[in-house]
Amino acid sequence: AQSVTQLDSQVPVFEEAPVELRCNYSSSVSVYLFWYVQYPNQGLQLLLKYLSGSTLVKGINGFEAEFNKSQTSFHLRKPSVHISDTAEYFCAVSDWGTQGGSEKLVFGKGTKLTVNP
Amino acid sequence: DAGVTQSPTHLIKTRGQQVTLRCSPKSGHDTVSWYQQALGQGPQFIFQYYEEEERQRGNFPDRFSGHQFPNYSSELNVNALLLGDSALYLCASGASETYGYTFGSGTRLTVV
């Protein structure tokens, strides 16, 4: 069975500082990896996804993530955060393709990023 | 282009009652999945509908049921509500040949 571990439940940083949100996964098959952001009282917005190819994935809002198969990790990074990045971030995994279409997502418990002035 | 639309946005129900939540997928999407997000937790997969049939199901009791209509919209029904069913219910739509879901803003269900 797949699982996702987000190693930090809360990450406080100062504005313009770099940030890394950590995500490790476990799966017995090839996986596809996603990062979603959730602002208060809203749904989930896709930040970026890894399906294949380059292990460095660039997403929206200046975020990027690196897929490391040997360490089963998919950490999210941003070189300089803004107050508006304050939100909850979820890492998710899917074993896409075994049924020829969309597969379920398995989510981590989330990391709450708080950007302070 | 409208994204995923969910209704209602909020509702309050009494323990033991039944509730129906609705979802209209993004234009061009044919797959609808439902997730339950309890407070402070990540979303948990409930089930997925494709071609009007339940294709996958997560670890949820039979009190949770659903339906997909020919226009790809979907309903989530929960019977015999428990206090523990209080959560944000998220609908996500996707296309069978692409990768990635679009999520709606959710329905906040409170059971009292």
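About the thresholds
- Residues numbered from 1 in each chain as written.
- Chains lettered and ligands numbered in written order.
- Predicted model: local features only at pLDDT ≥ 70, side-chain atom pairs only at ≥ 80, totals over all residues.
- Heavy atoms only, no water.
- 1 Å grid on protein atoms, 1.4 Å probe; cavity = no way out; pocket = protein on both sides within 12 Å on 5 of 7 lines; lining within 4 Å.
- Points joined across faces, edges and corners; volume = space filled by probe spheres on them.
- Helix = DSSP H or I, 4+ residues; strand = E, 2+ residues; numbered from the N terminus.
- Buried < 20%, exposed > 50% of the residue type's maximum accessible area, 1.4 Å probe, protein only.
- Contact = heavy atoms within 4.5 Å.
- Polar contact = N/O pair within 3.5 Å; in protein donor to acceptor, adjacent residues only side chain to side chain.
- Core = buried A, V, L, I, M, F, W, Y, C linked by side-chain atoms within 4.5 Å.
- Disulfide = S-S within 2.5 Å.
- Phe/Tyr/Trp six-rings, centres within 6.5 Å; stacked < 30°, edge-to-face > 60°.
- Salt bridge = Lys/Arg side-chain N within 4 Å of Asp/Glu carboxyl O.

1. Some remarks on the layout of surface pockets
Residue and element names in this part refer to chain A. Reported here for the largest pocket is a volume of approximately 350 Å³. Around the largest pocket, the lining comprises 17 residues; the ones closest to its centre are Gln 38, Tyr 39, Pro 40, Asn 41 and Glu 88. The leading source of residues in the lining of the largest pocket is strand E10 (residues 87-94), at three residues. Put simply, the second largest pocket is a space of about 170 Å³.

2. Considering the environment of Cys 23 of chain A
All names here are of chain A. Relative to the helices and strands, Cys 23 is located in strand E4 (residues 23-26). The buried category is assigned to Cys 23, whose relative accessible area is 0%. Counting along the chain gives 16 residues from Cys 23 to Leu 7, while the straight-line C-alpha distance between them is 6.3 Å. When neighbours within four sequence positions are excluded, Cys 23 is seen to be in contact with Val 4, Thr 5, Trp 35, Thr 72, Ser 73, Phe 74, His 75 and Cys 91.

3. Concerning the side chain of Arg 63 of chain B
All names here are of chain B. By secondary structure assignment, the location of Arg 63 is in the loop between strand E6 (53-57) and strand E7 (64-68). Within the local environment of Arg 63, its side chain forms a polar contact with the backbone oxygen of Asn 79, the two atoms lying 3.0 Å apart. Within polar-contact distance, the side chain of Arg 63 engages the side chain of Asp 85 at 2.9 Å. Once residues within four sequence positions are removed from consideration, Arg 63 is found in contact with Asn 77, Val 78, Asn 79, Ala 80, Leu 81, Leu 82 and Asp 85.

4. With respect to the nonpolar core
Nonpolar side chains tend toward joint burial in soluble globular proteins. The biggest cluster of nonpolar side chains holds 28 residues, and the ones touching the most others in it are Leu 33, Trp 35, Leu 47, Leu 48, Phe 74, Leu 76 and Tyr 89 of chain A. The element best represented in this core is E10 of chain A, accounting for four residues. Those residues in contact with Leu 47 of chain A that sit more than four places away from it in its chain are Trp 35, Tyr 36, Val 37, Gly 59, Ile 60, Asn 61, Phe 63, Leu 76 and Tyr 89 of chain A. Counting residues in each nonpolar core, the second largest holds 20 residues, with Leu 21, Tyr 49, Leu 81 and Leu 109 of chain B among its members.

5. Some thoughts on the environment of Gly 66 of chain B
The topology assignment puts Gly 66 of chain B in strand E7. Among residues more than four places away in sequence, those in contact with Gly 66 of chain B are Phe 47, Tyr 49, Glu 75, Leu 76 and Asn 77 of chain B.

6. Description of the state of the cysteines
For the coordinates displayed, the defined rule picks out two disulfides over all chains. Here Cys 23 of chain A pairs with Cys 91 of chain A through a disulfide, and the sulfurs are 2.0 Å apart. Between Cys 23 of chain A and Cys 91 of chain A the disulfide shows an S-S torsion of about -65 degrees. By sign, it is left-handed. In this pair, Cys 23 of chain A is assigned in strand E4 and Cys 91 of chain A in strand E10, connecting sequence segments 68 residues apart. Disulfide pairing places Cys 23 of chain B opposite Cys 91 of chain B at an S-S distance of 1.8 Å. The chirality of the disulfide connecting Cys 23 of chain B with Cys 91 of chain B is left-handed, given an S-S dihedral of about -60 degrees. Of this pair, Cys 23 of chain B sits in strand E3 (residues 19-24) while Cys 91 of chain B sits in strand E9 (residues 87-94), and the two are 68 residues apart along the sequence.

7. Some remarks on the packing of aromatic side chains
A full pass over the atoms with the stated rule returns 13 aromatic pairs over all chains. Summarising the aromatic geometry, the rings of Tyr 50 of chain A and Phe 67 of chain A are spaced 4.4 Å apart at their centres and angled 25 degrees between planes, so their arrangement reads as stacked. Here Tyr 50 of chain A is found in strand E6 (residues 44-50), whereas its partner Phe 67 of chain A is found in strand E8 (residues 64-68), with 17 residues between them in sequence. Tyr 50 of chain A sits in the buried class, given a relative accessible area of 9%. Its relative accessible area of 11% is what places Phe 67 of chain A among the buried residues. An aromatic cluster is built from Phe 34, Tyr 36, Phe 90 and Phe 107 of chain A together with Tyr 35, Phe 45 and Phe 103 of chain B, whose rings are joined through pairwise contacts.

8. Concerning the interface of chain A and chain B
Many analyses report the size of an interface as the accessible area lost when the parts associate. Taken together, the 20 residues of chain A in the interface contact 24 residues of chain B. The tally of links from chain A across to chain B stands at zero salt bridges. The interface formed by chain A and chain B includes two residue pairs in polar contact (both at pLDDT 80 or more). Going through the elements one at a time, strand E5 (32-38) and E6 of chain A are the ones with two or more residues in the side of chain A that touches chain B. With three residues, E5 of chain A is the single largest residue contributor to the side of chain A that touches chain B.

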